[in-house]
Amino acid sequence: MHTILWILLFIITFLVMEFMAWFTHKYVMHGFLWSLHKDHHHKDHDSWWERNDLFFIFYAVVSMTCIMTSSPDYFWIGKPIGFGILAYGIAYFIVHDIFIHQRFKFFRKANNKYAKAVRRAHKMHHKHLGKDKGENFGMLIVPLKYFK
């Protein structure tokens, strides 16, 4: 029974992270912490590192803290939550940083319907260079209109 709960909590955490990514992107990154995110929209730097990457580090620290402070006696849910956040972070990194922005040159020829929709939605997000009037703040769940 404990294993089933662990797996269920892992999956729920992974799915909730899509909402967290959307919420953080819309209200934090395009809100009061735009100063950290704007270098992702304005490529006026030569560095591979962006201030925007600090958001990734924040979630990595949350994930590691959950995993490392987990205990079978009093905080067993820490591990499935921490690993759910980690799994979402890996998926986000693969889709956003590798597939869409080509920070590493992999998955360049992926051309199925989902891949095209993800690229279109993200391209629409980046057409807005300022913090206002943005759209498509999520990553893995793509609005149906981008599948057409």
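Cut-off values and rules
- Residues numbered from 1 in each chain as written.
- Predicted model: local features only at pLDDT ≥ 70, side-chain atom pairs only at ≥ 80, totals over all residues.
- Heavy atoms only, no water.
- Helix = DSSP H or I, 4+ residues; strand = E, 2+ residues; numbered from the N terminus.
- Buried < 20%, exposed > 50% of the residue type's maximum accessible area, 1.4 Å probe, protein only.
- Areas by Shrake-Rupley, 256 points an atom, 1.4 Å probe, with all protein chains shown as cover.
- Lys, Arg positive; Asp, Glu negative; His and termini not counted.
- Charge placed at Lys NZ, Arg CZ, Asp CG, Glu CD.
- Core = buried A, V, L, I, M, F, W, Y, C linked by side-chain atoms within 4.5 Å.
- Contact = heavy atoms within 4.5 Å.
- Polar contact = N/O pair within 3.5 Å; in protein donor to acceptor, adjacent residues only side chain to side chain.
- Phe/Tyr/Trp six-rings, centres within 6.5 Å; stacked < 30°, edge-to-face > 60°.

Engineer: Would you explain the overall build of the protein chain in this entry?
Structural biologist: Along its length, the protein chain carries five helices and zero strands. Tracing the protein chain from N to C terminus, the helices and strands come up as α-α-α-α-α. Dimensions of the protein chain along its principal axes, counting C-alpha atoms only, are 50 × 35 × 30 Å. A total of 148 residues make up the protein chain; the buried ones form 37% of that total. Total accessible area on the protein chain is roughly 9400 Å²; 71% of this is exposed by carbon and sulfur atoms. Positive and negative charge centroids in the protein chain, built from 19 and 10 side chains respectively, lie 11 Å apart.

Engineer: When you look at the nonpolar core in this model, what are you seeing that I'm missing?
Structural biologist: For soluble globular proteins, nonpolar side chains are generally found buried alongside one another. In this structure, Y88, V95, I100, V118, M139, L140 and V142 are the most contacted members of the largest nonpolar core, which totals 17 residues. Counting only elements with at least two residues in this core, the list comes to α1 (2-32), α4 (78-100) and α5 (113-126). Top contributing element to this core by residue count: α4, with six residues. The residues touching Y88, leaving out its near neighbours within four places in the chain, are F14, M17, E18, A21, M139 and L140.

Engineer: Explain the side chain of S70 to me, please; I cannot follow it from the model alone.
Structural biologist: Note that S70 resides in the loop between α3 (53-68) and α4. Given the relative accessible area of 18%, S70 is considered buried. A distance of 3.1 Å separates a polar atom in the side chain of S70 from the backbone oxygen of F75. Here S70 is in contact with F75, W76, G78 and K79, once residues within four sequence places are set aside.

Engineer: What is the right way to read the packing of aromatic side chains from this model?
Structural biologist: Describing an aromatic ring pair means giving the distance of the ring centres and the angle of the ring planes. Taken as a whole and assessed by the stated rule, the structure comprises eleven aromatic pairs. Between the aromatic rings of F23 and Y27, the centroid separation amounts to 5.1 Å while the plane-to-plane angle is 45°, which identifies the pairing as tilted. Note that F23 and Y27 are positioned in helix α1 at a spacing of four residues, about one turn of the helix. Exposure remark for Y27: the relative accessible area of 41% places this residue in the partly exposed category. Pairing F56 with F93 gives two aromatic rings, centres 6.2 Å apart and planes at 40°, and the pair type is tilted. You can see F56 sitting in helix α3 and its partner F93 sitting in helix α4, a full 37 residues away along the chain. Among the residues examined, F56 registers a relative accessible area of 44% and is labelled partly exposed.

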